[in-house]
Amino acid sequence: MDKPERWSQKVTDSSDALELESGVFTLDDPRDIARSLKRSAEQSKRRKSDPYRSAMSMLTFYINRAGKQLSAEQKERLEAAKDELRVLFGKPRKGPVPAPRTDSRQ
């Protein structure tokens, strides 16, 4: 017997905001995730807000809905993708800016 599709999966698959590339949230590189979301948001003709907000909303929605199902590594990668989205859209980082490194290994 097939499992019923959950409403959150339906939103992820058929949102009016974005048509996501297949497997976007499973990519290994946070920058690749952010680039894919940015591309989807900018190409969307159905989104209701600006591309940055649409992309960030979809990423946040996915993180929140996956909840405890996400491993610590997956959650860290997706949270890093948020920072990458901010960079790609020229938005300020959230939270404190890390102090510059003082060692010679920069």
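Use the structure listed above.
Calculation criteria
Residues numbered from 1 in each chain as written. Predicted model: local features only at pLDDT ≥ 70, side-chain atom pairs only at ≥ 80, totals over all residues. Heavy atoms only, no water. Core = buried A, V, L, I, M, F, W, Y, C linked by side-chain atoms within 4.5 Å. Buried < 20%, exposed > 50% of the residue type's maximum accessible area, 1.4 Å probe, protein only. Helix = DSSP H or I, 4+ residues; strand = E, 2+ residues; numbered from the N terminus. Contact = heavy atoms within 4.5 Å. Axes fitted to C-alpha atoms, helices over the stretch in contact; angles between N-to-C directions. Parallel < 35°, antiparallel > 145°, perpendicular 65-115°, else oblique. Nonpolar A, V, L, I, M, F, W, Y, C, P; charged D, E, K, R; others polar. Salt bridge = Lys/Arg side-chain N within 4 Å of Asp/Glu carboxyl O.

Caption draft 1: Local environment of the nonpolar core. If you look at the biggest cluster of nonpolar residues, it comprises 20 residues, and the most contacted ones within it are Phe25, Ile33, Leu37, Ala55, Leu59, Leu78 and Leu85. Among the secondary structure elements, those contributing two or more residues to this core are α2 (30-43), α3 (51-66) and α4 (72-88). If you tally residues by element for this core, the top one is α3, at eight residues. Every residue in contact with Leu85, bar those within four places of it in the chain, is listed here: Ala34, Leu37, Lys38, Tyr52, Ala55, Met56 and Leu59.

Caption draft 2: Main features of the side chain of Lys82. Mapped onto the elements, Lys82 comes out in helix α4. Since its relative accessible area comes to 13%, Lys82 is described here as buried. Once residues lying within four places of it in the same chain are set aside, the contact partners of Lys82 are Met56, Leu59, Thr60 and Ile63.

Caption draft 3: Layout of the packing of α3 against α4. One way to put it is that α3 packs onto α4 with a least axis distance of 11 Å and a crossing angle of 170 degrees. Classed by the angle they form, the pair α3 and α4 counts as roughly antiparallel. For the pair α3 and α4, contact is made by Tyr52, Ala55, Met56, Leu59, Thr60, Tyr62 and Ile63 and by Lys75, Leu78, Glu79, Ala81, Lys82, Leu85 and Arg86, respectively. Of the residues assigned to the contact of α3 with α4, the class counts are nine nonpolar, one polar and four charged.

Caption draft 4: Molecular detail of the pattern of salt bridges. Enumeration over the complete set of coordinates arrives at seven salt bridges. We note a salt bridge from Glu73 to Arg77, for which the minimum N-O separation is 3.6 Å. On the criterion of helical spacing, the pair formed by Glu73 and Arg77 is a turn pair, its members being four residues apart in helix α4. The class of Arg77 is buried, set by a relative accessible area of 13%. Close ionic contact of Lys82 with Glu79 constitutes a salt bridge, the shortest N to O distance being 3.6 Å. With a gap of three residues between them, Lys82 and Glu79 both fall in helix α4, about one helical turn apart.

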